[in-house]
Amino acid sequence: QVQLVESGGGSVQTGGSLRLSCTASGNTYSSFCMGWFRQAPGKERERVAVIDLDGATGYADSVKGRFTISQAGTKNTVYLQMNSLKPEDTAMYYCAAVFSYRGGCASQKSGDFRHWGQGTQVTVSA
């Protein structure tokens, strides 16, 4: 079983920064794809960023240049550094992972991810 634990959400003003963390259970895997998703009331769930075991990343156009996804050396923790936050970034942010997949990590859809965290709220005020 895989457990994902998220932290780092909070409230900031426009232009501020937050760093989200997602820690998975300590097992080792031959491959994985981990990502951050977000969903605000009345909006569809959006894939924000993904990263694979080798460190290859992908980003939504809406966050390119502002958000950075990265891994800890253990490969069990993924971070999302969020800078230059805007009110439209306000959402519940979820960490997700899949450990068996075909194709690139960036090609995986939300329905392909098998494990999900509980989410952490990010609120950005003007």
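Residues numbered from 1 in each chain as written. Predicted model: local features only at pLDDT ≥ 70, side-chain atom pairs only at ≥ 80, totals over all residues. Heavy atoms only, no water.

Overview of the state of the cysteines
Consideration 1: Tallied over the entire structure, the rule returns two disulfides.
Consideration 2: Here cysteine 22 is linked by a disulfide to cysteine 95, with a sulfur-sulfur distance of 1.9 Å. Classification of the bridge connecting cysteine 22 and cysteine 95 rests on its S-S torsion, roughly -75°, and on that basis the disulfide is left-handed. Highlighted residues: cysteine 22 in strand S3 (residues 18-24) and cysteine 95 in strand S9 (residues 91-98), separated in sequence by 73 residues. Here cysteine 22 matches cysteine 95 in class, with each residue buried.
Consideration 3: One disulfide in the model links cysteine 33 with cysteine 105; its S-S distance is 2.0 Å. Handedness here is read from the sign of the S-S torsion; for cysteine 33 and cysteine 105, about 75°, the answer is right-handed. In this pair, cysteine 33 is assigned in strand S4 (residues 33-39) and cysteine 105 in the loop between S9 and strand S10 (115-116), connecting sequence segments 72 residues apart. (Disulfide = S-S within 2.5 Å. Helix = DSSP H or I, 4+ residues; strand = E, 2+ residues; numbered from the N terminus. Buried < 20%, exposed > 50% of the residue type's maximum accessible area, 1.4 Å probe, protein only.)

Quick notes on the packing of aromatic side chains
Consideration 1: The final tally for this structure, using the stated rule, is four aromatic pairs.
Consideration 2: Ring geometry for phenylalanine 37 versus phenylalanine 113: centroids 5.1 Å apart, planes at 80°, classification edge-to-face. With phenylalanine 37 in strand S4 and phenylalanine 113 in the loop between S9 and S10, the pair connects residues that are 76 residues apart, well separated along the chain. The burial state of phenylalanine 37 is the same as that of phenylalanine 113; both residues are buried. (Phe/Tyr/Trp six-rings, centres within 6.5 Å; stacked < 30°, edge-to-face > 60°.)

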